[in-house]
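# Observations on the three-dimensional arrangement
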Amino acid sequence: MGVSLEQIAAAAGVSRATLYHHFAGRDALLDALTARSVAEVSAAIAAARPDEGRAGEALERVLLAAWQVVGRYRGLVIINPQRLERAELRARLGPALGPVRALIRRGQAAGEFDAGLPVEWLLGLLTDVIHAASRQVTAGAMDVAAAERAMLRSATALLARPSVPRRQT
């Protein structure tokens, strides 16, 4: 995972002993940061009013709000999938994903979003798009503004109701 607890302590401006006083080890620190990030994302999503207005407009507000918080925790976006099973990570993200799940359902019911795809599939894709944008910024492949534009455009395309009927397979 690349960064030692000594390096983390130095970056935080505290001693290694202070860090160990608060966290039993690397996983405890990452768990605490993950819990904090989920709480912040959940609060940002709630503040974006996901249940108000047209679903497409609400989705844009929600994604932009979540994106702003995720930007502060880009390292977790890279580290957590390596250290946690996907099911565990999804469970930890549950408080943040619930309102987005409800928003997707609302958009499907209103005919704004593709009702032919499962909600959990679309929720997973949205999460992956946000994380992909974050990884692009972290890697220096895109600046924040370009990644934000790409994320919103990709999310809109993923949820769009098809303009022509799909063939049954």
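The coordinates are above.
In this text the structure is predicted, and so the values were computed from the model without any measurement.

## Regarding the overall build of the protein chain
Along the protein chain, the regular secondary structure elements total eight helices and zero strands. Ordered by position from N to C terminus, the α and β elements of the protein chain give α-α-α-α-α-α-α-α. When each of the 169 residues of the protein chain is scored for burial, the buried share is 37%. Counted over contacts in the protein chain with a minimum sequence separation of 6, partners at least 24 positions apart contribute 65%.

## Notes on helix α4 (residues 55-70)
For α4, with 16 residues, the first-to-last C-alpha span of 22 Å sits near the 22 Å given by 1.5 Å per residue. All of the buried residues along α4 are Ala 55, Ala 58, Leu 59, Val 62, Leu 63, Ala 65, Ala 66, Trp 67, Val 69 and Val 70. Against the buried residues of α4 lie α3 (26-47), α5 (74-83), α6 (86-109), α7 (119-139) and α8 (144-159).

## Digging into unusual backbone geometry
The phi dihedral of Arg 49 is positive, around 55°, even though this residue is not glycine. Among the structural elements, Arg 49 can be located in the loop between α3 and α4. You can call Arg 49 partly exposed: its relative accessible area is 36%.

## Some remarks on the environment of Ala 96
Relative to the assigned elements, Ala 96 resides in helix α6. Classification of Ala 96 by relative accessible area gives buried; the value is 6%. As a C-alpha pair, Ala 96 and Ala 66 span 30 residues in sequence and 8.9 Å in three-dimensional space. Residues within four places of Ala 96 in sequence aside, it is in contact with Val 38, Val 41, Ser 42 and Ile 45.

## Some words on the environment of Ala 55
Mapped onto the elements of the fold, Ala 55 is located in helix α4. Counting along the chain gives 55 residues from Ala 55 to Ala 110, while the straight-line C-alpha distance between them is 8.0 Å. The residues touching Ala 55, leaving out its near neighbours within four places in the chain, are Leu 103, Arg 106, Gly 107, Glu 112 and Phe 113.

## Looking at the pattern of salt bridges
Under the criterion given, the structure shown has twelve salt bridges. Across the pair Arg 36 and Glu 40 runs a salt bridge, and its minimum N-O distance is 3.0 Å. In this pair, Arg 36 and Glu 40 both sit in helix α3, four residues apart, roughly one turn of the helix. Residue Arg 36 is classed as exposed on the basis of its relative accessible area of 53%. The partner of Glu 88 in a salt bridge is Arg 92, with the nearest N and O atoms 2.7 Å apart. Here Arg 92 and Glu 88 lie together in helix α6, a separation of four residues that amounts to about one turn. Relative accessible area serves as the criterion here: at 34%, Glu 88 is assigned to the partly exposed category. A residue is classified by how much of its surface remains accessible, and Arg 92, at 24% relative accessible area, is partly exposed. Residues joined in a network through salt bridges with shared partners are Asp 27, Asp 31, Arg 83, Glu 88 and Arg 92.

## What to know about the packing of α4 against α8
Packing of α4 against α8 brings their axes to within 11 Å, and their N-to-C directions diverge by 140°. The angle between α4 and α8 falls in the class oblique. Considering how the two elements wind past one another, α4 and α8 form a crossing that is right-handed. Across the interface between the two elements, Leu 59, Glu 60, Leu 63, Leu 64, Trp 67 and Gln 68 of α4 pack against Val 144, Ala 147, Glu 148, Met 151, Leu 152, Ala 155 and Leu 159 of α8. Grouping the amino acids of the contact of α4 with α8 by side-chain chemistry returns ten nonpolar, one polar and two charged.

The rules behind the values
- Residues numbered from 1 in each chain as written.
- Predicted model: local features only at pLDDT ≥ 70, side-chain atom pairs only at ≥ 80, totals over all residues.
- Heavy atoms only, no water.
- Helix = DSSP H or I, 4+ residues; strand = E, 2+ residues; numbered from the N terminus.
- Buried < 20%, exposed > 50% of the residue type's maximum accessible area, 1.4 Å probe, protein only.
- Contact = heavy atoms within 4.5 Å.
- Expected span 1.5 Å × (residues − 1).
- Salt bridge = Lys/Arg side-chain N within 4 Å of Asp/Glu carboxyl O.
- Axes fitted to C-alpha atoms, helices over the stretch in contact; angles between N-to-C directions.
- Parallel < 35°, antiparallel > 145°, perpendicular 65-115°, else oblique.
- Left-handed = near helix turned anticlockwise from the far one by under 90°.
- Nonpolar A, V, L, I, M, F, W, Y, C, P; charged D, E, K, R; others polar.

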